[in-house]
Amino acid sequence: FMRTCSLSAALQLCETLGEYSRLLKQLEFHGCEIRAQTRSQQNAIEGFVFRNGKHTFSLVTKEDKIKIVPKSGTEFSFQVNGNRVGFWGDQIM
């Protein structure tokens, strides 16, 4: 279940990177299925956000493992209405 789906229209209306970054900071990520790829990892981590900290996301993977992912230097993405939306964690800190 992804709570951000209701914001898909707002994401599409963002005309500037500044507007996009402000909107990302307001999103509620709890319960979202998200993909995280750090610069040092070869494989992405996928899971559901259960904690959105100031500097990290805490994810539960499909294998029921907990992963703490730093926001800084990590590229995140999630799906909204079949489209993948990506952002850098630095944009939401």
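Mapped onto the fold, Lys71 is located in the loop between strand 4 (66-70) and strand 5 (74-80). For the buried Lys71, which has no salt bridge, the nearest side chain bearing the opposite charge is Glu28, at an N-O separation of 10 Å. If sequence neighbours within four positions are ignored, Lys71 has contacts with Asn52, Gly53, Lys54, His55, Thr56, Phe57, Phe76, Gly89, Asp90, Ile92 and Met93.

Our focus in this paragraph is the pattern of salt bridges. In total, this model carries two salt bridges according to the counting rule given. With a closest N to O distance of 3.3 Å, Lys62 and Glu33 form a salt bridge. Highlighted residues: Lys62 in the loop between strand 3 (56-60) and strand 4 and Glu33 in strand 1 (residues 33-38), separated in sequence by 29 residues. When the shortest N-O distance is used, the salt bridge between Glu46 and Arg35 registers 3.3 Å. Note that Glu46 is positioned in strand 2 (residues 45-52) and Arg35 in strand 1, a separation of 11 residues in sequence. On the basis of relative accessibility, which here comes to 30%, the residue Arg35 falls in the partly exposed class.

Right, let's talk about the nonpolar core for a bit. Counting residues in each nonpolar core, the largest one holds 16 residues, and the members touching the most others are Phe29, Ile34, Phe57, Leu59, Phe76, Phe78 and Phe87. At the level of secondary structure, the elements contributing two or more residues to this core comprise strand 1, strand 2, strand 3, strand 5 and strand 6 (83-88).

Turning our eyes to something else, we now look at the environment of Gly89. One can find Gly89 in the segment after strand 6. Distance in space between the C-alpha atoms of Gly89 and Val69 is 9.7 Å, their sequence separation being 20 residues. For Gly89, the residues in contact, after removing those within four places along its chain, are Lys71, Thr74 and Phe76.

Bringing unusual backbone geometry into the picture now. Excluding glycine, residues mostly carry a negative phi; peptide bonds, for their part, are mostly trans. The backbone of Asp64 sits at a positive phi, close to 60°, despite the residue not being glycine. Of note, Asp64 is situated in the loop between strand 3 and strand 4. With relative accessibility at 68%, the residue Asp64 sits in the exposed group.

The next point concerns the pairing of strand 4. Side chains on a regular strand alternate between the two faces of the sheet. Note: strand 3 against strand 4, five bridges, orientation antiparallel. Its bridge partner being in strand 4, Thr56 is matched across the sheet by Pro70. The hairpin formed by strand 3 and strand 4 contains five residues between the paired strands, and Asp64 there has a positive phi angle of roughly 60°.

Rules of the game
Residue positions are given per chain, counting from 1 as you read along its sequence in written order. Since the coordinates come from a predicted model, pLDDT governs what is reported: local features require at least 70, and pairs of side-chain atoms require 80 or more to be given and counted, while whole-chain, interface and lining totals use all residues. The side-chain figures draw on all heavy atoms in the structure; neither hydrogens nor water molecules are used. Only DSSP runs of H or I reaching four residues or more are called helices, and only runs of E reaching two or more are called strands; each is numbered from the N terminus. The rule is simple: take the accessible area with a 1.4 Å probe, protein chains only, and divide by the maximum for that residue type; under 20% is buried, over 50% is exposed, in between is partly exposed. In this tally, Asp and Glu contribute negative charge and Lys and Arg positive charge; neither His nor the terminal groups of the chain are included. Just to be clear on terms, a salt bridge is a Lys or Arg side-chain nitrogen sitting within 4 Å of an Asp or Glu carboxyl oxygen. Residue contacts follow a heavy-atom distance rule, with two residues in contact if any of their heavy atoms lie within 4.5 Å. The nonpolar core is taken to be a set of buried Ala, Val, Leu, Ile, Met, Phe, Trp, Tyr and Cys residues, with the residues joined through side-chain atoms within 4.5 Å. A pair of strands counts as paired when DSSP detects no fewer than two bridges linking them.

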